[in-house]
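Summary of the model geometry
Residues per chain, in single letters:
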Amino acid sequence: MSAEFGGRTGRQGKISQWLRGRRPKEAVGDDGREALLLAAAGVGLPLAPAAYPTADFRCSCDRVGCPTPARHPLSFAWQTQSTTDRGQIERWARHQPQANFITATGMVHDVLDVPLDVGREALERLLDAGIEVGPVAESDDGRLLFFTLTRGTPEDEDEWWPCELDCHPETMDEHPGLRWHCRGSYVLVPPARLPGDNQSVHWVRGLEHPLPDPLTLLEVLTDACARYIGEEPDHANAAWPSRR
């Protein structure tokens, strides 16, 4: 799948053209959610249904004091459930019209997750330097998500990079800097709703941009995060997924 993401033609180009060709009411209306989910699956992002915010800004799950309201999968089997199958995603989207969706990282793509202000500064620096930046999503709870190729694939088990606690969704509040979502982790995929008035996760750079190698972004992101948390950057260790 990595090869499909590496170029500017092929499936991504078709998805990009398809999205641009949608009528405005389809892009932003009731059908916009399903169209964007299918576009994400169409370029290889594996998806699974997730919880959603209720009217009182709580989580739709029945967990008392849910630590990640509206940000977690519905099923404990989300890693095996995640799919790019168009028919299955259409059924989920139509049968669960309020549900958010997560995308499982570490199979096709990783996500470098940074504080919003840091991410905006880093994105400007990366673009000014002519560095290829892939899709980027903004979360209104204060994070910017850089979608990249994964550092390993299921076909090459020894090269998989497992996700450690510094980037697992359940421990995000403990790690305010750079979080590297890879094997064993997930993020919300746009469009997604968060607890609060008009809070969401949305694309700021779309899926027409090919996924870059995460190492091409890492130095700029770690520099920006180091200044954010008041530390000297350590490129050898900052948010580096350890190998098992």
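Conventions used here
- Note that residues are indexed from 1 along each chain, following the sequence as it is written.
- Restriction of local features to residues with pLDDT of at least 70 applies here, the model being predicted, together with a cutoff of 80 or more for giving and counting side-chain atom pairs; totals for whole chains, interfaces and linings are based on all residues.
- By convention in this description, side-chain values take in all heavy atoms of the structure and omit both hydrogens and water.
- Helix and strand assignments come from DSSP, with helices taken as H or I runs of at least 4 residues and strands as E runs of at least 2, each series counted from the N terminus.
- Exposure is judged per residue with a 1.4 Å probe applied to protein chains only, and the accessible area is read against the type maximum: over 50% gives exposed, under 20% gives buried, and values in between give partly exposed.
- Exposure was quantified through the Shrake-Rupley algorithm and a 1.4 Å probe, taking into account, for residues, occlusion by the shown protein chains and nothing else.
- Pairing of aromatic rings covers Phe, Tyr and Trp, the last through its six-membered ring, and needs centres within 6.5 Å; plane angles under 30 degrees mean stacked, over 60 mean edge-to-face, and all others mean tilted.
- A pair of strands counts as paired when DSSP detects no fewer than two bridges linking them.
- All axes here are fitted lines through C-alpha atoms, helices being fitted over the stretch that makes contact, and every angle between N-to-C directions spans 0 to 180 degrees.
- An angle below 35 degrees is treated as roughly parallel, one above 145 as roughly antiparallel, one from 65 to 115 as roughly perpendicular, and anything else as oblique.
- It is the rotation of the near helix from the far one that decides the hand of a crossing: anticlockwise by less than a right angle makes it left-handed, clockwise makes it right-handed.
- Pairs of residues are marked as contacts when any of their non-hydrogen atoms sit within 4.5 Å.
- A score between 0 and 100, pLDDT records how confident the predictor is in each residue.
- Helix span, as expected, comes to 1.5 Å for every residue beyond the first.
- It is the directions from the helix axis to the C-beta atoms whose arc is reported.

Quick look at the overall build of the protein chain now. Helix and strand counts for the protein chain stand at 8 helices and 9 strands. Buried positions account for 50% of the 244 residues belonging to the protein chain. With an accessible surface of roughly 12,100 Å², the protein chain has 49% of that area assigned to carbon and sulfur atoms.

The relative placement of two aromatic rings is captured by the distance of their centres and the angle of their planes. One pass over the full model with this rule turns up 3 aromatic pairs. When the ring of W92 is compared with that of F101, the centres are 6.3 Å apart and the planes differ by 50 degrees; the resulting orientation is tilted. For the pair W92 and F101, one class covers both residues: buried.

One open sheet accounts for 6 strands, arranged β6-β3-β5-β4-β9-β8; its pairing is antiparallel. The sheet is open, and its two borders are formed by β6 (179–181) and β8 (192–193), each paired with just one other strand.

Where burial is concerned, most of strand β2 (residues 100–104) is hidden: 5 out of the 5 residues are buried. Burial along β2 is two-sided: the residues N100, I102 and A104 and F101 and T103 are all buried. Two strands pair when backbone bridges link them, and β2 and strand β7 (residues 186–188) are joined in this way by 3 bridges, in the antiparallel orientation. Bridging across to β7, I102 finds its partner in L188.

Where helix α7 (residues 116–128) contacts helix α8 (residues 215–229), the axes come no closer than 9 Å and their chain directions differ by 140 degrees. When the interaxial angle is binned, α7 and α8 end up oblique. Of the two possible hands of crossing, α7 and α8 adopt the one that is right-handed. Seen from α7, the contacting residues are V118, E121, A122, R125 and L126; seen from α8, they are T216, L217, V220, L221, D223, A224, C225, R227 and Y228.

Close inspection of predicted coordinates is inappropriate in any region flagged by low pLDDT. Chain-level pLDDT for the protein chain is 79 on average; 71% of the residues reach the 70-or-more range. Averaged over each element, pLDDT in the protein chain is lowest for helix α3 (residues 24–28) (36) and highest for strand β4 (residues 136–139) (98). Segment residues 1–31 is flagged for pLDDT under 50; beyond a separation of four residues in sequence, or across chains, it makes 42 contacts in the model.

Here we come to α7. In this model α7 runs 18 Å from its N-terminal to its C-terminal C-alpha over 13 residues, within 8% of the 18 Å that 1.5 Å per residue would give. Every buried residue of α7 is listed here: L116, V118, G119, A122, L123 and L126. Seen along its axis, α7 keeps its buried residues to an arc of 145 degrees; they face one direction. Exposed side chains of α7 directed beyond 90 degrees from the buried face belong to D117, E124 and D128. In this fold, the buried residues of α7 make contact with β3 (109–115), β4, β5 (143–149), β9 (200–205) and α8. G130 sits one or two positions beyond α7 and adopts a positive phi of about 75 degrees.

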